[in-house]
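# Fold and contact review
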Amino acid sequence: MKSEAMSDFGKLMEEKCMNFAVRITNLCRFLVDEKKENRISDQLFRSGTSIGANMAEAQCAISKKDFTSKVYISLKECNESLFWLSLLMRTGYLNKKQYDSIYDDCLELKRLLATITKTSKERIEIENNK
C-alpha cells in the first residue's frame, strides 16, 4: 500500500512540475513576443523548466543519494525561478495578478521539494546509522 501511495505522489509531482513548466514556457513566450523581454525570460525558462527535468532524472536515480541530489537541484532551480518572477514583477513586466498566480504555484512546488529533500536526507541518515 505504501508503494502505491508513493507512486501516486510521484505522479502528482510529475504532473505539477509539467504544468509549471508549461506555464513558464507560455509566460516566457508572452514576455518575448509581447513585452520584448529576452534576458530575464531566458533565465526564467531555464530554471523553471529545469525543475521538472531534474525530477524526471530523480525517478531514474541509481541510489538514494543520487535521488536526493536531483531533488535538491530541483529545489534550487525552483528558488531561482522565484527570484526571476519577483524581478519581473518589480520591473513591471508582470502585473500583480500574473505574478501572484505563477508565484504561488512556484512556492507550492518549493514547499513540496523542500519536504521531499528533507525526508530523503533523514532516511539516508537513518540507514547510515544502522
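Here's a quick rundown of the structure. Just so you know, the residues in each chain are numbered from 1, in the order the chain's sequence is written. Under the rules for a predicted model, residues below a pLDDT of 70 receive no local features and side-chain atom pairs below 80 are neither given nor counted, while totals for whole chains, interfaces and linings still include all residues. As a rule here, side-chain values cover all heavy atoms of the structure and leave hydrogens and water aside.

## Re the overall build of the protein chain
Comment: elements are numbered from the N terminus, with helices defined as DSSP H or I runs of at least four residues and strands as E runs of at least two. On a plain count of helices and strands, the protein chain comes out with 4 helices and 0 strands. When the helices and strands of the protein chain are read in sequence order from the N terminus, they spell out α-α-α-α. Principal axes of the C-alpha set define a box for the protein chain whose edges measure 55 × 25 × 25 Å. We call a residue buried when its accessible area falls under 20% of the maximum for its residue type, exposed when it is over 50%, and partly exposed in between, using a 1.4 Å probe and counting protein chains only. Across the 130 residues of the protein chain, 32% fall into the buried class. Should any heavy atoms of two residues lie within 4.5 Å, those residues are considered in contact. By sequence separation, contacts in the protein chain at least 24 residues apart represent 72% of the contacts at least 6 residues apart. Think of it this way: Lys and Arg go in the positive column, Asp and Glu in the negative one, and His and the chain ends go nowhere. Every charge is mapped onto a representative atom, which is NZ of Lys, CZ of Arg, CG of Asp or CD of Glu. Counting 22 positive and 19 negative side-chain charges, the protein chain places the centres of these two groups 4 Å from one another.

## What about unusual backbone geometry?
In this model, K36 sits at a positive phi of 55°, which is unusual for a non-glycine residue. Looking at the element boundaries, K36 is found in the loop between α1 (2–33) and α2 (39–58). On the basis of relative accessibility, which here comes to 61%, the residue K36 falls in the exposed class.

## Brief notes about the side chain of T117
For T117, the position within the fold is in helix α4 (residues 96–128). Using a relative accessible area of 4% as the deciding quantity, one classes T117 as buried. The contact partners of T117, leaving out residues within four places of it in the chain, are T68, V71, Y72 and L75.

## Overview of α2
With 20 residues, α2 should cover 28 Å at 1.5 Å per step; its first-to-last C-alpha distance of 29 Å lies within 8% of that length. Note on bend: the value at a residue is the angle between axes fitted to the seven residues ending there and to the seven starting there. Of all bends in α2, the biggest is about 35°, found at S50. Listed in full, the buried residues belonging to α2 are I40, S41, L44, S47, G48, S50, I51, G52, N54, M55 and A58. How far a helix is expected to stretch is found by multiplying one less than its residue total by 1.5 Å.

## Concerning the pattern of salt bridges
Any Lys or Arg side-chain nitrogen found within 4 Å of a carboxyl oxygen on Asp or Glu counts as a salt bridge. Enumeration over the complete set of coordinates arrives at 6 salt bridges. A salt bridge links R46 to D42; the nearest nitrogen and oxygen atoms lie 3.1 Å apart. One end of the pair is R46 and the other is D42, both in helix α2 and 4 residues apart, which spans about a single turn. Judged by relative accessible area, which is 53%, R46 ranks as exposed. Linking D100 and K96 is a salt bridge whose minimum nitrogen-to-oxygen distance equals 3.0 Å. On the criterion of helical spacing, the pair formed by D100 and K96 is a turn pair, its members being 4 residues apart in helix α4. Overall, the relative accessible area of 27% leaves D100 in the partly exposed class.

## Structural notes on the packing of helix α3 (residues 64–90) against α4
Throughout, an axis means a line fitted to C-alpha atoms (over the contacting stretch in the case of helices), and angles, computed between N-to-C directions, take values from 0 to 180 degrees. Here α3 crosses α4 at 160°, and the two axes come no closer than 9 Å. One finds that α3 runs roughly antiparallel with respect to α4. Taken as a pair, α3 and α4 cross one another with a handedness that is left-handed. A per-class count over the contact of α3 with α4 returns 18 nonpolar, 7 polar and 6 charged. Geometric relationships in this document are graded by angle, where less than 35 degrees denotes roughly parallel, more than 145 denotes roughly antiparallel, 65 to 115 denotes roughly perpendicular, and other angles denote oblique. Note: crossing handedness is left-handed where the near helix turns anticlockwise from the far helix by less than a right angle, and right-handed where it turns clockwise. Charged residues are taken to be Asp, Glu, Lys and Arg, nonpolar residues to be Ala, Val, Leu, Ile, Met, Phe, Trp, Tyr, Cys and Pro, and polar residues to be all remaining types, Gly included.

That's the geometry; what it means functionally is another story.
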